[in-house]
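# Coordinate inspection notes
Residue strings, one per chain:
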Amino acid sequence: MIHDGAPSVDWLTEDVDQLLRQHRTGYAMARGFYTSPAVYEEDIKTYWNQTWIWVGHLCQLPKNGSFFRFDYGPESLIIARDRKGEVGAFVNVCRHRGARVCPEASGRTHAFTCPYHAWVYELNGDLRAAREMGEGFDREDHGLLKAHIRIMEGLIFVSTAEDPPEIDTAIAGLTPLIAPFGLERMKIAHEASYPVPANWKLAVENYMECYHCGPAHLDFSQSHSLKDPSSVTPELLAALRAARAKAGLSPAGEFSQHNIEADTKRLDAWSGSYPLYPGYHTGSRDGQLVAPLLGDLKAPFDGANDLQLGILNNLLIYSDHVVGYRFVPRGLQDTDIQMVWYVREDAVEGVDYDLEALTWLWHVTTQDDERIIRVNQEGVNSYHFRPGPLSQMEEFMRGFYDGYLNTLRRARGLA
Amino acid sequence: MIHDGAPSVDWLTEDVDQLLRQHRTGYAMARGFYTSPAVYEEDIKTYWNQTWIWVGHLCQLPKNGSFFRFDYGPESLIIARDRKGEVGAFVNVCRHRGARVCPEASGRTHAFTCPYHAWVYELNGDLRAAREMGEGFDREDHGLLKAHIRIMEGLIFVSTAEDPPEIDTAIAGLTPLIAPFGLERMKIAHEASYPVPANWKLAVENYMECYHCGPAHLDFSQSHSLKDPSSVTPELLAALRAARAKAGLSPAGEFSQHNIEADTKRLDAWSGSYPLYPGYHTGSRDGQLVAPLLGDLKAPFDGANDLQLGILNNLLIYSDHVVGYRFVPRGLQDTDIQMVWYVREDAVEGVDYDLEALTWLWHVTTQDDERIIRVNQEGVNSYHFRPGPLSQMEEFMRGFYDGYLNTLRRARGLA
Amino acid sequence: MIHDGAPSVDWLTEDVDQLLRQHRTGYAMARGFYTSPAVYEEDIKTYWNQTWIWVGHLCQLPKNGSFFRFDYGPESLIIARDRKGEVGAFVNVCRHRGARVCPEASGRTHAFTCPYHAWVYELNGDLRAAREMGEGFDREDHGLLKAHIRIMEGLIFVSTAEDPPEIDTAIAGLTPLIAPFGLERMKIAHEASYPVPANWKLAVENYMECYHCGPAHLDFSQSHSLKDPSSVTPELLAALRAARAKAGLSPAGEFSQHNIEADTKRLDAWSGSYPLYPGYHTGSRDGQLVAPLLGDLKAPFDGANDLQLGILNNLLIYSDHVVGYRFVPRGLQDTDIQMVWYVREDAVEGVDYDLEALTWLWHVTTQDDERIIRVNQEGVNSYHFRPGPLSQMEEFMRGFYDGYLNTLRRARGLA
């Protein structure tokens, strides 16, 4: 007998409502979540376009007139610093016939002039000029659509929702904990994109659990304790607390809003450290530092500090560098794993840090991830796939499921 | 607030009927017209397969047995000159199991033999032979499907509709006006195809308005007055009339059936000249002629003569050459901009004309168009796109919208 | 008039039920069968995943622990020989979160360890180990899904249906007839894959009829009598019977279960010979043998023996080699024609056979097929395509249609 026979459930449906209703808590999500074009449309419209997205860092906007784009799915946002120095975010779609008003990825400008018909928008999104529009046309009604924006320690978060999820409680809770890292005084050392032929949710799930770290990440597992919870001994925790104190961090400071998106419009958020194995001061090949200490740190804290502000937005803070992760949808089964490596802003490449040494660990780790996310999508595409039970090490993933599913359920009147 | 809040309108629908009902006159068309597979299917079945298409020129059929193909979307037509010299058009689909009976793009043959099972069709489409079909099979019922055909001054127009739009009034009106150009005595000097990742309607719209010519076409705008209606001064118009008279053309001859497809099954059609700027005799880099004068012209008329017969079919007549434009759908967001440059049939390349000089203007202009049509589609794909108001210089585009929308509405019983 | 006007039939529908209801016996199938994503989903779920598929040969599993994969559409099967020497087949989808547990195409192993989270499956599919699954998790419920399997003369057939079609009557009928060919004592001499941008059914249809052999296969037609039934004279049949007897085969042994899938869940099956033209002992360029005689044959039988066990599974047995054919769906209009050439297991390449000579005929023949199947799909995609009448030489294809259509009708409650 080939099937495990869960009665009265259509495991192969691609209907969004039925998928949302059928999900079994504690199990993987069904095939349709990763194969249905209707779900993907909902993912962009109802999830990505409604939540907060970490789009970049203030170091990308050094001067008035500086701008950069952040794109996902069919969407494109412009983040710009205007003439007064204010940072704003806008939808990169002309209010005339919809062309991208900003075809460049980044740069500096006095205004955004649509390449099609030359409607001119100010750096704050207002429409400055539009030729031949006749009487009755009101420029004030035709500025670029403005997105909500928050900046936390230099990190820029944007939401295009009319009524975005509540984010300020999390920012207030996280800020004092991460302040010593001096995240606002960083620069980008390197960026890389790892395309994977899989739905974006499979990439997020992969980031959410370390059940796979032991089997799949030999290099990572050598230094990071996450591969096996039982390896985090009292001795290791005590060492971490001592190192944090020596570094100038509160010994065990944590902020947690876990699994809160499931029930409210408040974002999941998290900051907390876990130990590296003895001899490792940072996430590098030999455990030695690969860049100058961040911010106000007085010594390495010999751990890794997770930072999450909204399920989609994840950074990993080491003593000497920060790695940011994004799982950017390009199509139903086409995702870019985007990685950004930050070091302190005054560090000089070739003098204070070596790019290969800095990026080695998460380059090889992400290559592993690309491979296993790919075979995950391949198997999920099978009509024989039935969601299996989650392990005890996939707890955070359940949080992602709950937050994601309930966001869609609320939007569709099912919650 | 991110949205402009047009109440009770679902701007993101991909439902064909709802899209047709929701369109606001004087505004761009909504996202779904350019993103919905159902709309694209309708575009081919209800619009392209029902209207008249300019497929080529008699110079492509020099002898009995000569043929060429014209393909769009999933369709393929054969245009052939039969043993009696008659020109006909047929659907390039075998009446047995549907193979393309003519895999070649053009050539000369005695008959069309299907490469699959060797059903043999005459040059006039009749089925000549089919083996092993048993009794009761009637060859007369299984000829290639015949398309309607009209030839105007050498230009070939085809419709696969059972009951095509009325075209003869337009032909009768246009013919005397364009006769002096001698279009039937031309040859193809050059053909080129510019693929653009956008829906075909965005390419048609681009051709329909010169609101973009100033910002997007620096080279074109240097010689052609269309970039700005206010630049067409009484002096310029007077110069055009004088030049037309000197060339042997009626001073201000025009034929117009504008916006007629919206209400009837009669085709929009248009012939009329606009001035080039002083010093320009034709559409070339320096304004000098790039080929011998066409037809019966006695002198250059120092203008450009638009010729339209059906919304899809557009040619631009200069004193010394003609440029034909086609916006051929290949897929939902995949279009070929096809260009054909014609010169008089006795002109010799390298002696009477130089190919680079002849094609320069519309090569660079079409490269510009490819770029802006592409960013147009990119922005229209956004779930944040809302159709904006059209300018006063996009009047012809409204005609395209009205004709297109009402053709679909009529076919679906909505008009 | 462009259409042949079959009233009240929507020839362009893509609705599965309507397509199944509308089919006219004796005619080609309608466009939607080859263009509708919903039909393609049904093809995999209801046809391929329910019937028996020929996946390979025992020679691919020489030792305990040997395994190979067979993939089609989104599906992947593992065929493995376990520690006791038993051959089994499993769905290559992890019971946890669905990753491919076996990313390799073939090899030898002690167990299948999922590359994602290291769930370990035995060679017989049982789950051996899964970490951190907590109490209440039952390993016995989470083995790889097992497929049904049958082995006939070394050929391996698999079905993933809960209740597969009846196959044992056919195996019992075929086995004595093909036993003298010694198919279980063969090895793979060569494999090749010919991708064709067409629906898999067009490739199966192409194999099912030799109406196209005369026009399309000049090389094949020189030696094989199938191109024209009238060419199979009494003299040719008598020569075949004499040669079969001399080879040690029953003079005219045949087994036939034709068009039986249409009405029952019993597989179509067929074994029977047809003559080669005088001078041809096998399917080769010059008719001379290209490898040692198979099995117990005492002389070449100067014919070709078709072997079919289920509509999808076809092999052609010559005196000295066997060619297996598979038409493997990769997507809606993306198919791999997979060919396998077998010779007797003790034949040595370069000594007993030359690879180019062995594979020449079916390499050139399949290249021809790729070309005509491609133009078939191109024409079928036209909205003008209407299914035409089948010839008298397309009888077996009608069997395919009937079996395929009734299988889908039964599954959807329409039969």
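Residues numbered from 1 in each chain as written. Chains lettered and ligands numbered in written order. Predicted model: local features only at pLDDT ≥ 70, side-chain atom pairs only at ≥ 80, totals over all residues.

### Observations regarding the domain arrangement of chain A
Residues and elements named next belong to chain A. Under the domain assignment used here, chain A contains domain 1 (53-151) and domain 2 (166-410). A C-alpha centroid distance of 31 Å is found between domain 1 and domain 2. Contacts between the two partners involve 8 residues from domain 1, matched on the other side by 12 residues from domain 2. Of the residues in the side of domain 1 that touches domain 2, the class split is 5 nonpolar, 2 polar and 1 charged. (Domains from an automatic or database assignment. Contact = placed C-beta atoms within 7 Å. Nonpolar A, V, L, I, M, F, W, Y, C, P; charged D, E, K, R; others polar.)

### Considering the sheet that holds strand β6 (residues 112-113) of chain C
Residue and element names in this part refer to chain C. Spatially, the 3 strands line up as an open sheet ordered β6-β7-β8, and their pairing is antiparallel. Of all strands in the sheet, those with a lone pairing partner are β6 and β8 (127-129), marking the two edges. As defined by bridge partners, strand β7 (residues 120-121) adjoins β8 across 2 bridges and the pair is classed as antiparallel. Looking at β8, one finds that valine 120 is bridged to alanine 129. (Pairing = 2+ DSSP bridges. Helix = DSSP H or I, 4+ residues; strand = E, 2+ residues; numbered from the N terminus.)

### What about the interface of chain B and chain A?
Counting residues at the interface gives 24 residues for chain B and 32 residues for chain A. Broken down by secondary-structure element, the contributors of at least two residues to the side of chain B that touches chain A are α6 (213-216) and α9 (355-380) of chain B. If one sorts the elements of the side of chain B that touches chain A by residue count, α9(B) sits on top with 6 residues. Grouping the constituent residues of the side of chain B that touches chain A by class yields 13 nonpolar, 10 polar and 1 charged.

### Comments concerning the interface of chain C and chain B
Taken together, the contacts link 24 residues of chain C with 32 residues of chain B. The greatest single-element share of the side of chain C that touches chain B, amounting to 6 residues, is contributed by helix α9 (residues 355-380) of chain C. Partitioned by chemical class, the residues of the side of chain C that touches chain B number 13 nonpolar, 10 polar and 1 charged.

### Thoughts on the relation of the copies chain B and chain A
When chain B is brought onto chain A, the operation consists of a screw motion whose angular component is 120° and whose axial shift is 0.0 Å, with 0.0 Å RMSD remaining. Here the transformation between the copies is reduced to the relation of a three-fold axis. Identified as the residue of chain B closest to the rotation axis by C-alpha distance is B:Pro37, at 7.1 Å. (Least-squares fit on C-alpha atoms with pLDDT ≥ 70 in both.)

### Structural notes on the environment of A:Ala357
Residue and element names in this part refer to chain A. Along the polypeptide, alanine 357 turns up in helix α9 (residues 355-380). The exposure class assigned to alanine 357 is partly exposed, which follows from the 15 C-beta atoms found within 10 Å. Setting aside chain neighbours within four positions, we find alanine 357 in contact with Ser284, Arg285 and Val290. (Buried ≥ 20, exposed ≤ 12 C-beta atoms within 10 Å, placed from the backbone.)

### As for unusual backbone geometry
Negative phi values dominate among residues other than glycine, just as trans dominates among peptide bonds. If you check the backbone angles, A:Asn259 has positive phi at about 60° while not being a glycine. Within the secondary structure layout, A:Asn259 lies in the loop between β12 (255-257) and β13 (269-275). Given 17 C-beta atoms within 10 Å, A:Asn259 falls into the partly exposed group. Located in the positive-phi region is B:Ala118, a residue other than glycine, with phi close to 65°. On the secondary structure map, B:Ala118 appears in the loop between β6 (112-113) and β7 (120-121).

### A word on the pairing of strand β9 (residues 146-152) of chain C
Residue and element names in this part refer to chain C. Sheet analysis places strand β4 (residues 87-91) next to β9, joined by 2 bridges and oriented antiparallel. Paired with phenylalanine 90 across the strands is lysine 146, a residue of β9. Sheet topology places β9 next to strand β10 (residues 155-159); 5 bridges connect them, and they run antiparallel. If you follow isoleucine 149 over to β10, its bridge partner there is valine 158. Turn length for the β9-β10 hairpin, with the two strands adjacent in sequence and antiparallel, is 2 residues, and the turn residue glutamate 153 shows positive phi of about 50°.

### A look at the environment of C:His258
All names here are of chain C. You can see histidine 258 is positioned in the loop between β12 (255-257) and β13 (269-275). For histidine 258, a count of 15 C-beta atoms within 10 Å corresponds to the partly exposed category. Histidine 258 sits 10 residues away from aspartate 268 along the chain, and the two C-alpha atoms are 5.3 Å apart. If we ignore the near neighbours within four places in the chain, the residues touching histidine 258 are Asp268, Trp270 and Gly399.

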